[in-house]
Amino acid sequence: MTNSASDYDAIALASTESTVYYVAKNPAVLKGSKIRVTGIDSKSGQESKQYTLAADVDYFDESASVGVGGGHDHPFLFWVDSSLKTIKVNVLGSTKVLQQTVDNKSGEDIKNVKVHTTNGLEFLAQIETTSKGWAEVYNIDDTSSTLSRVYSVPITSDQAVFTATTGPSQSESFFVRVGQSDVTLFSASSSKALGAWPRENDGLQISHAVAEVVRSSNAFAVRVAFVTDSGEWFLVRNGKMAWYRPEMLTDVETTAWADVESDGDLAQELEIERHKSIITAYIHRVKRHIRELPNLGKWLQSLPQTILTNFVSGPGSDKTSLAFAQKYVIMASDHGLYAMRFSTGQLQWRTTLPPYDRKRPRRKSLSVEGGQVTLHIDGAAAFVFDVNDGQRIASRGSPEFHSVAQIPGLAADLVPIFVSREGQPDRISGISMEGDFLITQQEDQKVIGWSILEEPKSLWSFTPGKGSKIVNTVSRPAHDPVASIGKVLGNRSVLYKYLSPNLALVTSISEDALTVTLLDAITGTILYSTTHPSVDTSSPISSVISENWFAYSFFGNPSSQPSSPGAKGHHLIITELYESPYPNDRGPLGAQTNYSAFSPSPFSSSPPLPHTISQAFLTPQPISHLSVTQTAQGITSRLLLAYLPHTSALIGIPRTILDPRRPVSRDPTSLEAQEEGLFRYAPFLDFDPKWYLSHSREVLGVQEVMARPTMLESTGLVFAWGHDVFGTRVSPSMAFDVLGKGFNRASLVATVVALTVGVAVLAPMVRKRQVEGRWKML
Amino acid sequence: MRLFSAALALVVAYLPYVHSIFSDEAYQIDYHYALIGVPRSHATFFHRPQTASPAALLYTASRNGVVGAVNPKDGSGVWRQTLFHNLTEKSESFLAPGDGVVVTASRSGVTAWDALDGRLVWHSDETFKGEPQNVVKTPRDASQSTDFVALFRESHNVVRKIDGKTGNVLWKYTDSKYTCNPIPIS
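Residues numbered from 1 in each chain as written. Chains lettered and ligands numbered in written order. Predicted model: local features only at pLDDT ≥ 70, side-chain atom pairs only at ≥ 80, totals over all residues. Heavy atoms only, no water.

Observations regarding the overall build of chain B
Scanning chain B for helices and strands turns up 1 helix and 13 strands. Beginning at the N terminus, the succession of helices and strands in chain B can be written as α-β-β-β-β-β-β-β-β-β-β-β-β-β. Counting every position in chain B, which comprises 186 residues, the buried fraction comes to 52%. Within the structure as shown, chain B displays about 8800 Å² of accessible surface, and the carbon and sulfur contribution to it stands at 56%. (Helix = DSSP H or I, 4+ residues; strand = E, 2+ residues; numbered from the N terminus. Buried < 20%, exposed > 50% of the residue type's maximum accessible area, 1.4 Å probe, protein only. Areas by Shrake-Rupley, 256 points an atom, 1.4 Å probe, with all protein chains shown as cover.)

So, the sheet that holds strand β13 (residues 161–166) of chain A
Residues and elements named next belong to chain A. What the 4 strands build is an open sheet, ordered β13-β14-β15-β16; its pairing is antiparallel. Every interior strand has two partners, whereas the edge strands, β13 and β16 (195–198), have only one. Pairs of neighbouring strands in the sheet enclose a mean axial angle of 15°, with direction left out of account. (Pairing = 2+ DSSP bridges. Axes fitted to C-alpha atoms, helices over the stretch in contact; angles between N-to-C directions.)

Observations regarding the sheet that holds strand β17 (residues 206–216) of chain A
All names here are of chain A. Reading across from one edge, β17-β18-β19-β20 is the order of the 4 strands in this open sheet, with antiparallel pairing throughout. Since the sheet does not close on itself, it has two edges, and those belong to β17 and β20 (240–245), each with one partner. With strand direction ignored, the average angle separating the axes of adjacent strands in the sheet is 15°. Looking at chain direction, strand β19 (residues 233–237) and β20 are connected through 5 bridges and run antiparallel. Of the residues in β20, the one forming a bridge with Trp233 is Arg245.

Focus: helix α5 (residues 745–777) of chain A
Working note: α-helix, 3.6 residues per turn, so residues spaced by three or four point in the same direction. With 33 residues, α5 of chain A should cover 48 Å at 1.5 Å per step; its first-to-last C-alpha distance of 46 Å lies within 8% of that length. Along its length, α5 of chain A shows its largest kink, about 30°, at Leu762 of chain A, and proline Pro764 of chain A lies within four residues downstream of that point. (Expected span 1.5 Å × (residues − 1). Bend = angle between axes of the 7 residues up to and from the residue.)

Thoughts on the interface of chain A and chain B
Taken together, the contact between chain A and chain B spans 90 residues of the former and 75 residues of the latter. A combined buried area of about 7300 Å² lies between chain A and chain B, and 58% of that area is made up of carbon and sulfur atoms. Between chain A and chain B we count 3 salt bridges in total. Between Arg80 of chain B and Asp724 of chain A there is a salt bridge, and its shortest N-O distance comes to 2.6 Å. At the surface where chain A touches chain B, the tally comes to 26 residue pairs in polar contact (both at pLDDT 80 or more). The leading source of residues in the side of chain A that touches chain B is strand β49 (residues 725–730) of chain A, at 6 residues. Of the residues assigned to the side of chain A that touches chain B, the class counts are 39 nonpolar, 29 polar and 22 charged. (Contact = heavy atoms within 4.5 Å. Buried area = accessible area lost by both parts, 1.4 Å probe. Salt bridge = Lys/Arg side-chain N within 4 Å of Asp/Glu carboxyl O. Polar contact = N/O pair within 3.5 Å; in protein donor to acceptor, adjacent residues only side chain to side chain. Nonpolar A, V, L, I, M, F, W, Y, C, P; charged D, E, K, R; others polar.)

Describing the pattern of salt bridges
All names here are of chain A. Scanning all chains against the criterion turns up 36 salt bridges over all chains. Notably, a salt bridge pairs Glu443 with Arg421, separated by 3.6 Å at the nearest N-O pair. Of this pair, Glu443 sits in the loop between β31 (437–442) and β32 (446–451) while Arg421 sits in the loop between β30 (414–419) and β31, and the two are 22 residues apart along the sequence. Each of Arg476, Asp480, Lys497, Glu547 and Arg638 takes part in a single network of salt bridges with overlapping partners.

Side note on helix α2 (residues 278–292) of chain A
Residue and element names in this part refer to chain A. Taking 1.5 Å per residue, 15 residues should reach 21 Å; α2 reaches 21 Å between its end C-alpha atoms and fits that length. Burial in α2 covers these residues: Ala281, His284 and Arg288. Along the axis of α2, the buried residues cluster in a sector spanning 60°; they form a single face. Away from the buried face of α2 by more than 90 degrees, exposed residues Ile278, Ile279, Tyr282, Lys287 and Ile290 are located. (Arc of directions from axis to C-beta.)

Examining the confidence of the model for chain A
Residues and elements named next belong to chain A. Confidence in the prediction for chain A averages 84 pLDDT; 92% of positions are at 70 or higher. Low confidence marks residues 1–10, where pLDDT is under 50. Its contacts with residues over four positions away, or in another chain, come to 32 contacts. Every residue in residues 59–64 is under pLDDT 50, and counting partners more than four places away or in other chains gives 14 contacts. (pLDDT = per-residue confidence, 0-100.)

Let's talk about unusual backbone geometry
Residue and element names in this part refer to chain A. With a phi angle near 60°, Asn584 is a residue other than glycine that sits in the positive phi range. Taking relative accessible area as the criterion, Asn584 reaches 52% and is therefore assigned exposed. Located in the positive-phi region is Ser665, a residue other than glycine, with phi close to 65°. Mapped onto the elements of the fold, Ser665 is located in the loop between β46 (649–654) and α4 (670–676). Classification of Ser665 by relative accessible area gives exposed; the value is 62%.

And the structure:
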């Protein structure tokens, strides 16, 4: 049994055929804690023996190593005393304590001792000092009750990780040493290595390892799977790296999109040309092309290959990837920063964070701008990295914060505003007029609106009712273009959408009621509010707002009383906002030429309230996160992205299904059906299998689903992270701006060539006939 | 004209059901990392799912409450299961190899999973309160059955022996001499 239990308090468990041993450490605060071993009869569960051992082990000392080895036949308890100089062993069942002093010839103090055991009576103690490391192998002789050192692995300055394993015959013990540049196999009896394989020195800091030894005739083969300090999992077979699993992606805390310029020089040259006069720019361009002439030969050579890939549509000829080839997702966790190339899903680079104070868990915030990624760590530091390769550019301090808001600054960049736990934003200069207004949330108590240009001034605050707490506040996504300002109805009239960039949707719950409030973010006016009684507050509640509509989901749980309203089930509510209930009417603002949130009209002091149309649907499963797809100009219809935790799936519900104007209790008129695409309302919204973006995959534990537009209007990117990582691209209205794979370029070219040949052949004949015809007429 | 408008109505009626993914692009334009979580040193080992064949799989459990088996040849996941419902609340889990099964002890109890394909074999019924500390296999006894012993830290330390075939708790031993202090979690 390999059991290095140095992570926990030292309570151990072992079992022989007749007895179960339970070992407890008496947590004495003063020196001289005791270890108590209790033997429990395996059949009856009654205590059969008990004895205590004096042990000088500091309870809270993390480097103390206590555990059990020896398998089922002769389990023994080992511990290292708090001075880290002596290893003590007790064969469970007897009261004798055997001990041996560690042979420290390194000249430094021992910092850490870890013991690795197998099913046999041999074990290995891995010893580390400040800069050196070695190991000692010990053997317990049961009959004579002695503990002796068999051999020592020599001292080296690269601190290696050891592990112990039982061989294929289950009777031999082997010890494996994983060093920075080699893997060595030792037997339990002699220090002569049974096998040594060189390893590529990749500078990985190994945390722990497990090994498997296979013997074939005379030679050994070793597979070692080790976990690094940064949470990555590798397997090395005979010294060669076999595979790698990025398990640290399950601990990601925050992510951000990044656009990476692969050909940075070209972009810069184009920028220079753009800013000069026509003649200078032309000369600059000619000079650039002359400079590129030496590459002409290479380019001509690659031409046939490029043409061929265009004609033959194979897996490598995905031309649409050009539209988002340079999109990266940057992910930050406690262990480091990772960049994933979106189009392939490969990790482009990974970097560890420089040391900072990790005494408590700290919130992180990422922002990407101008080729640099800035990671703010609450109260500790802010690190700036290059987005192309992850090199650290700068470090500086960071104030304490609960979240960071990115506000447009004066120089057309984004300025970070640190918001405290109480919702108070930091004072900062260099904000443009655009970024003046900010909403923050004070824990789950209230939502506060600020004006932050000169000095943060609180303009308004919104508190949900008594006994309620805020679940979530969402606002429209930063990139939310609206393609049409109104909805065209069947009879060619227009219902004007209520489009305001300053909307905040607050969901709050009281004991069993859910209240959804739509606020105007500048003045804090409540534009719309609704309450759903009898809501199960332990089920996930999610919400999203985009364009002129918002959606939220919850689990309605009315009691069986006939007076209790509502249906029992998972609800998805969709609400659209319009300026007026009548078509072709702009509502109260119709006659106005100008508008201000503070004095909207001469007749009223509050902003005009929108006309809302809602519909509710019952879904088969709860939804834990809602999001919306995004495209470059907002022309493509949107998908409502929902994560279903019960089936671990990601679906995209088309907005045309969730149209709140669907006719209730009647069939749609021909105009409604044809022009607007409405169909009859049915309360149960079954998830069509075609909506499943994750197909048959099990995407576990998604915390957030992010969407991003691409250069193509028809396509948007979707990235889900949390425990699993999933990325895909969606074309909600089919890929209308890209030639499909079935497009026959070969036949097009053949047709053009055939026509050219035909014209070339027939033209002289036609001319000749025309000329002859003129002669004949004469 | 009637035929035309009928045909148009048919086409428009199909409109709401737009697809956004082409079937021939599935699994080509998307990617998925099916992760287990950072492996814990006390819960990672090589184990043979079938004693007859020497092939071994690499089993691990993480603090995210996911247990899984990985093929040591290429690192691909063979199976994985979740131990508790909310993966964001991390807590420690323990793993023990058995005969053709692996047994997990987590905050939702003790469960046995088939070692080859990860199917549930049994889940121990008795409500285990508190945090798991360890789970260990007992050797084959006279009746040729291997059982499991699990140690949980409730208000006292409790040792339970669980039948290896059915998951029933055979006996329970409570260490009533000491009540447990909460462990400082770093």
